[in-house]
Amino acid sequence: MSFMNDCIAETAQALEHIRQDLLPELANPGHWQERYRALMGLARQLPTLPEERRPSSALIEGCESRAWLLHYFDSVEDKHYFVFESDARIVKALLAVLLCQINGMDNKTFKACQLELCLKELHLTQHLSQSRSKGLSSVIKHLQQLQASS
Amino acid sequence: MAFNVETFRQQFPFFQANPNWVYLDNAATSHKPQIMLDSLQHFYASANSNIHRGAHSLGDQATQLYEQARQHVADFIGAEQAEQIIFTSGTTAALNQLAFGLMGTVLQPGDRILLTTLEHHANIVPWQLHCQSKGVVLDVVPLTVDHQLDMAAFSRLLQHQPKVVSFCHVSNVLGQVLPVADMVQQAQAVGALTVIDGAQGILHDTIDVQQLNTDFYVFSGHKIYGPTGVGVLYGKTKALECLTPLLGGGEMIQHVSFDHTRYHQLPFRLEAGTSAIAEVIALGTTLHWLAKQDRTGMRQHKQQLLQHGWQQLEAMPQLELLSSATNNAGIITFNVRGEHPTDVATLLNEQKIAVRAGQHCAMPLFANIHHPGAVRLSLAAYTTQAEVDAAINAIRMAVELLCPS
Ligand SMILES: Cc1ncc(COP(=O)(O)O)c(C=O)c1O
C-alpha cells in the first residue's frame with residue numbers, strides 16, 4: 001500500500017503545481033502548437049503508474065487509447081484523491097487538466113462540482129476530435145457516478 | 001499522354017469545397033467524381049421508380065438502367081456474365097452472405113476454412129459467427145518476421161484441405177498486395193473455393209476475374225469513387241448456386257406459399273428487397289467512367305507518391321514504418337516511437353491532415369505485430385505531391401511536439 005500512498009502524494013503534488021502554475025497558461029489559448037506544448041509538458045510532470053498497478057477494473061471504457069483512473073477517499077481528512085494513467089500522452093494531459101481542479105476536494109465540494117465546466121473553461125474540448133471528446137466524456141461520466149455515490 | 005493528376009482531381013468537387021484539407025484517408029473511403037453525383041441526381045430527379053415490378057414503363061426504364069449497371073460492373077471486372085454480379089450493401093454484407101450461404105452446403109461439420117492474419121474484421125467475424133455452431137474450424141496463415149504473408153505456411157495449411165480459402169487482395173493496414181492468382185491456383189488444387197476480399201484491391205489493379213479464376217470476388221462501391229450503401233459479390237455461376245440466401249423477402253422468389261417457397265434464378269435469388277437502386281446505377285456509371293481513365297498512369301502516379309513519401313519518412317529516426325515500400329498499393333503505416341497513434345492523429349488533425357489511427361478493424365494483425373495500433377496514410381490517384389509534402393511537414397511538427405529533443 002505504501003507504493004500507492006507515494007503515488008497518491010506525488011500525483012497530488014504534481015496536480016497542485018499544474019493547477020497553480022500551468023493552467024493559467026492553458027487558459028489563454030495562443031497558437032495551437034503552444035497549447036499542445038503546454039499539454040505535453042504537463043503530462044511529463046506526472047508519475048508513471050506501472051503496468052501492474054493498472055487493474056482492468058480501473059480502465060475507462062469508451063476511449064480509443066487506454067486510460068486508467070483510480071479513486072481514493074480519505075475519510076479521516078475528508079479528501080478525494082485520484083491517480084491515473086493513459087498510454088496516450090494527450091489523454092493523460094487532459095485528465096490532468098480535469099483532475100487538478102478536483103483532486104483533494106472535500107466530499108461536499110466534490111459532490112457539488114460541475115465537472116463539464118472544468119474542461120469547457122479551458123477551451124479544450126472544441127479542439128478535440130470527436131473520438132477524443134467521447135473518451136473524455138466517459139471519464140466525466142465515471143466521475144459523475146463517483147459524485148453520486150460519494 | 002501522361003496521367004495528369006490536376007485534371008483528374010478537378011472532377012472531384014470535394015476538393016473545391018475543402019481546399020484547406022489534405023485527405024489521406026482514402027482506404028477508409030474515396031471521394032466522388034462529378035459524374036457519379038450527376039448519376040445519383042439524375043436518377044432521383046428524372047428516372048425514379050422501383051425496379052422489376054413491370055406494371056408501368058417507368059419501372060421498365062429504371063430496371064433497364066439497373067441491369068445496365070450490372071453489365072458495367074461485369075465488364076469492369078471481366079465477368080463472363082452479368083448474372084454473376086450480385087449487388088449487396090458492401091463488402092461486409094457480401095462476406096456475410098458468403099459465410100452464411102456456404103455453411104451447410106459447402107461447409108459441413110469438421111470442415112476447415114483458411115484465412116490470413118492480414119484480414120479485416122469483415123473477413124473474420126462473419127465466418128466466426130457460424131463456425132462454432134456448425135462445427136467448422138478456422139485456420140489462419142501467419143506472417144513472416146517482416147510482416148509479409150508466410151507463403152510457405154499457406155501451402156502447408158492447404159494440406160489440411162480447407163473447403164473455403166478467403167483472403168484480402170490488398171491489406172487495408174499495410175497496403176501489401178497478395179499474390180492472389182498464385183493463391184487461388186494453390187487453393188483450388190486442393191479443392192477449395194476461393195473468396196477474395198477486394199475492398200482495397202479493386203482500386204489498385206485492373207481485375208479480370210476470369211483470368212484470376214477465383215470463385216468469388218467482393219468489393220464496396222464507396223472505396224472506388226462510388227456511393228456508399230452498395231457493394232458487389234461476384235461469383236462463378238456454379239459457386240453462386242451453392243449459396244443459401246442470407247436475406248429472404250420480395251423479388252427473390254418465384255412462388256411463395258406458407259408451405260413452400262421457390263426461389264428465383266440468379267442474380268435475383270440473392271437480392272431480396274428493394275436494392276439501393278440509385279446507388280447501383282451510379283456505381284455502374286462510375287466504373288464505366290473509370291474503365292476509360294488511364295489506370296496504368298493512375299497506378300504509376302500513386303507509386304511515385306508512395307516512394308516519395310516513403311523516402312522522407314524513412315529518414316526520420318523517430319518513426320517506425322510498419323508497411324513496406326515494395327509490393328504496396330499505396331498505404332504508409334507508421335508509429336512515432338513511444339507515442340500512441342491517436343496522439344499523432346490528433347496533432348495531424350490540428351493541421352488539417354486527415355489520416356486514420358488505431359487498429360483499422362484488424363485487431364488480430366496488430367496483436368500479431370505487437371503494436372497498439374498505427375497511423376495510416378492512404379493515397380489515391382487524385383492525391384498530389386504537395387499534399388504528401390504537407391503531410392510530412394505536419395508529421396515533423398507532431399514529432400517535435402510529442403518528443404521535444
Ligand atoms: C480489406 C477490407 N475488407 C472489408 C472492408 C469492409 O468494407 P465495408 O465497410 O465497405 O463493408 C474494408 C473496409 O475498410 C476493408 O478495407
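The numbering scheme is per chain: residues are counted from 1 as the chain's sequence reads. Labels are handed out in written order, letters beginning with A for the chains and numbers beginning with 1 for the ligands. In keeping with the predicted nature of the model, local features appear solely for residues at pLDDT of at least 70, side-chain atom pairs appear and are counted solely at 80 or more, and the whole-chain, interface and lining totals rest on all residues. Side-chain numbers come from the whole structure's heavy atoms, not from hydrogens or water.

- The name given to chain A in an unreviewed UniProt entry is SufE family protein, and the organism recorded there is Alkalimonas collagenimarina.
- UniProt positions are given in the numbering used here, feature names are shortened, and annotations may be inferred rather than shown by experiment. Under the heading Sequence similarities (unreviewed entry), UniProt records this for chain A: "Belongs to the SufE family."

Overview of the interface of chain A and chain B
Then step 1. By definition, residues are in contact when any of their heavy atoms lie within 4.5 Å. Listed by partner, the interface residues are 17 residues for chain A and 17 residues for chain B.
Then step 2. Interface of chain A and chain B: buried area, both sides summed, is about 1400 Å²; carbon and sulfur atoms make up 52% of it.
Then step 3. What counts as a salt bridge is simple: a side-chain nitrogen of Lys or Arg found within 4 Å of a carboxyl oxygen of Asp or Glu. Remark: the boundary between chain A and chain B carries three salt bridges.
Then step 4. In the analysis that follows, any N or O atom pair within 3.5 Å is treated as a polar contact, provided that within protein one partner can donate a hydrogen and the other can accept it, and provided that, for residues neighboring in sequence, both atoms belong to side chains. Run the count over chain A and chain B and you get six residue pairs in polar contact (both at pLDDT 80 or more).
Then step 5. Looking at the side of chain A that touches chain B, the elements that each hand over two or more residues are helix H2 (32-44) and helix H3 (89-99) of chain A.
Then step 6. If one sorts the elements of the side of chain A that touches chain B by residue count, H2(A) sits on top with seven residues.
Then step 7. Lys, Arg, Asp and Glu make up the charged group, whereas Ala, Val, Leu, Ile, Met, Phe, Trp, Tyr, Cys and Pro make up the nonpolar group; the residues left over, Gly among them, are polar. In the side of chain A that touches chain B, the residues fall into six nonpolar, four polar and seven charged. Reported buried area values correspond to the accessible surface (1.4 Å probe) lost by two parts on association, with both partners' losses combined. Secondary structure elements are taken from DSSP: a helix is a run of H or I of four residues or more, a strand is a run of E of two residues or more, and numbering for both begins at the N terminus.

Some thoughts on the environment of Tyr44(B)
Residue and element names in this part refer to chain B.
Then step 1. With respect to the helices and strands, Tyr 44 occurs in helix H3 (residues 34-47).
Then step 2. Note: C-alpha distance between Tyr 44 and Asn 328 (284 residues apart in sequence) is 39 Å.
Then step 3. Those residues in contact with Tyr 44, other than ones at most four positions away along the chain, are Ala 278 and Glu 279.

Remarks on the site of the ligand
Residues and elements named next belong to chain B.
Then step 1. Nearness of a residue to a molecule or strand requires only that one of the residue's heavy atoms be within 4 Å of it. In the vicinity of the ligand, the residues found are Thr 91, Thr 92, His 120, Ala 122, Asn 172, Asp 197, Ala 199, Gln 200, Ser 220, His 222 and Lys 223.
Then step 2. One of the backbone N or O atoms of Thr 91 is found 3.4 Å from an oxygen atom in the ligand.
Then step 3. Within the side chain of Asp 197, a nitrogen or oxygen atom sits 2.6 Å from a nitrogen atom of the ligand.
Then step 4. Coverage of the ligand by the protein chains reaches 85% of its 400 Å² of free accessible surface.
Then step 5. Looking at the shell around the ligand residue by residue, the class counts come to two nonpolar, seven polar and two charged. Throughout, the Shrake-Rupley method with a 1.4 Å probe supplies accessible areas, and for residues the shown protein chains are the sole cover considered.

Here we look at the pattern of salt bridges
Then step 1. In total, this model carries 17 salt bridges over all chains according to the counting rule given.
Then step 2. A salt bridge links Arg37(A) to Glu400(B); the shortest N-O distance between them is 3.0 Å. You can see Arg37(A) sitting in helix H2 and its partner Glu400(B) sitting in helix H16 (residues 385-402), one on each of two chains.
Then step 3. When a residue's accessible area, from a 1.4 Å probe over protein chains only, is under 20% of the maximum for its type it is buried; when over 50% it is exposed; and in between it is partly exposed. Residue Arg37(A) is classed as partly exposed on the basis of its relative accessible area, which comes to 35%.
Then step 4. Take Glu400(B): its relative accessible area is 42%, and that puts it in the partly exposed class.
Then step 5. The closest approach of N and O atoms between Arg70(B) and Glu67(B), which form a salt bridge, is 2.8 Å. Here Arg70(B) and its partner Glu67(B) are both found in helix H4 (residues 57-77), three residues apart, which amounts to about one turn of the helix.

Comments concerning the environment of Gln10(B)
Then step 1. Of note, Gln10(B) is situated in the loop between helix H1 (5-9) and helix H2 (13-17).
Then step 2. Taking C-alpha positions, Gln10(B) is 30 Å from Gln64(B), a pair spaced 54 residues apart along the chain.

Topic: the sheet that holds strand E4 (residues 137-141) of chain B
Residue and element names in this part refer to chain B.
Then step 1. Strand order across the open sheet formed by seven strands is E2-E8-E7-E6-E5-E3-E4, with mixed pairing between neighbours. At either margin of the open sheet sits one strand with a lone partner, and together these are strand E2 (85-88) and E4. Strand-to-strand, the axes of this sheet are offset by a mean angle of 20 degrees, without reference to chain direction.
Then step 2. Taken together, the five bridges between strand E7 (residues 216-220) and strand E8 (residues 231-235) define a ladder with antiparallel strand orientation. If you follow Val 218 over to E8, its bridge partner there is Leu 233.
Then step 3. Every angle, taken between N-to-C directions, lies between 0 and 180 degrees, and every axis is a line fitted to C-alpha atoms, over only the stretch in contact when it is a helix. Of the strands in this sheet, E2, E7 and E8 are in contact with H4, which crosses E2 at around 115 degrees.
Then step 4. Across the sheet, helix H5 (residues 91-102) touches E2, strand E5 (164-168), strand E6 (193-197), E7 and E8, and the angle it forms with E7 is around 150 degrees. Following DSSP output, two strands are said to pair if at least two bridges run between them.

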